[in-house]
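Given next are the chains, with one letter for each unit.
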Amino acid sequence: MAKTSEQMKDLVEEYIKVTNINYEDQTKKIQEKSKIIDWQFHVGANVIISKNANRMDRIHVNVNMRFPSQDSKLLVIKNPSFSKAIMEISEICTICHVGHQWIKEGENIAGLAIFSHVDEEILDRVSFHNTWDNVARVSAHIQKILRSNFSGFSTQGNTTDATIDKSMYG
């Protein structure tokens, strides 16, 4: 039987609570800005779990990595190290079946979003946490790729976040 948006939200909130990671229900705040999102949780420092209004069949798990300005200066297409990193990141995302999207502010690359989804028909605690763990593992691997391609690349604030470093099962 298909789950309603509210049923999915209630389930996801219970699954988040299991992790003991701080989270915020941002549904009201996000709906003031956009009608595209049914509901949204901000978990830890950089995980967003949401359900889009135009997709009744799934929820999205998204890790947003924001880069400090000194790191963003390295992420330019003309930099051969960046081209190499782009290829490695695309390859790991393809292998692990997650999406990625570079976040731009003007002409600068300010971050990278790593995302996946859980279909509502298989939305249970194990499938939810498997998806979250997969997105977190890929995010951590991408940070390693960036640091190996750019000496001094900090990715500060991302590597100490409990939403990435901690397994969802403790």
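For the structure itself, look to the data block above.
Residue positions are given per chain, counting from 1 as you read along its sequence in written order. With the structure being a predicted model, the display of local features is reserved for residues of pLDDT at least 70 and the display and counting of side-chain atom pairs for 80 or more, all residues being used for whole-chain, interface and lining totals. As a rule here, side-chain values cover all heavy atoms of the structure and leave hydrogens and water aside.

Things to note about the packing of helix H4 (residues 80-96) against helix H5 (residues 125-149)
Here is step 1 of the chain: Axis angles are defined between N-to-C directions and span 0 to 180 degrees, where every axis is a line fitted to C-alpha atoms and, for a helix, only to the segment in contact. To qualify as a helix, a DSSP run of H or I must reach at least 4 residues; to qualify as a strand, a run of E must reach at least 2; elements of each kind are numbered from the N terminus. Where H4 contacts H5, the two axes come as close as 10 Å, and the packing angle between them is 160 degrees. The angle between H4 and H5 places the two elements in the roughly antiparallel class. Handedness of the crossing formed by H4 with H5: right-handed. Facing Ser 81, Lys 84, Ala 85, Glu 88, Ile 89, Ile 92, Cys 93 and Cys 96 of H4, the residues of H5 in contact are Asn 134, Val 138, His 141, Ile 142, Ile 145, Leu 146 and Asn 149.
Here is step 2 of the chain: For this classification, the nonpolar set comprises Ala, Val, Leu, Ile, Met, Phe, Trp, Tyr, Cys and Pro, the charged set comprises Asp, Glu, Lys and Arg, and every other residue, Gly included, is treated as polar. Counted by class, the contact of H4 with H5 contains nine nonpolar, four polar and two charged residues. In what follows, roughly perpendicular refers to angles from 65 to 115 degrees, roughly parallel to angles under 35, roughly antiparallel to angles over 145, and oblique to any angle outside these ranges. Crossing handedness follows the turn of the near helix against the far one: under a right angle anticlockwise gives a left-handed crossing, and clockwise gives a right-handed one. Contacts are assigned to residue pairs with any non-hydrogen atoms lying within 4.5 Å of each other.

Some points on the pattern of salt bridges
Here is step 1 of the chain: By definition here, a salt bridge exists when the distance from a side-chain nitrogen of Lys or Arg to a carboxyl oxygen of Asp or Glu is within 4 Å. Within this structure, the stated rule accounts for eight salt bridges.
Here is step 2 of the chain: A salt bridge links Asp 38 to Lys 51; the shortest N-O distance between them is 2.8 Å. Here the residue Asp 38 occupies a position in strand S2 (residues 37-43), and Lys 51 occupies one in strand S3 (residues 47-52), the gap between them amounting to 13 residues.
Here is step 3 of the chain: The shortest N-O distance in the salt bridge between Asp 57 and Arg 55 comes to 2.9 Å.
Here is step 4 of the chain: Type-normalised accessible area, obtained with a 1.4 Å probe on protein chains alone, sets the label of each residue: buried when under 20%, exposed when over 50%, and partly exposed for intermediate values. Look at Asp 57 and you get partly exposed, because its relative accessible area is 30%.

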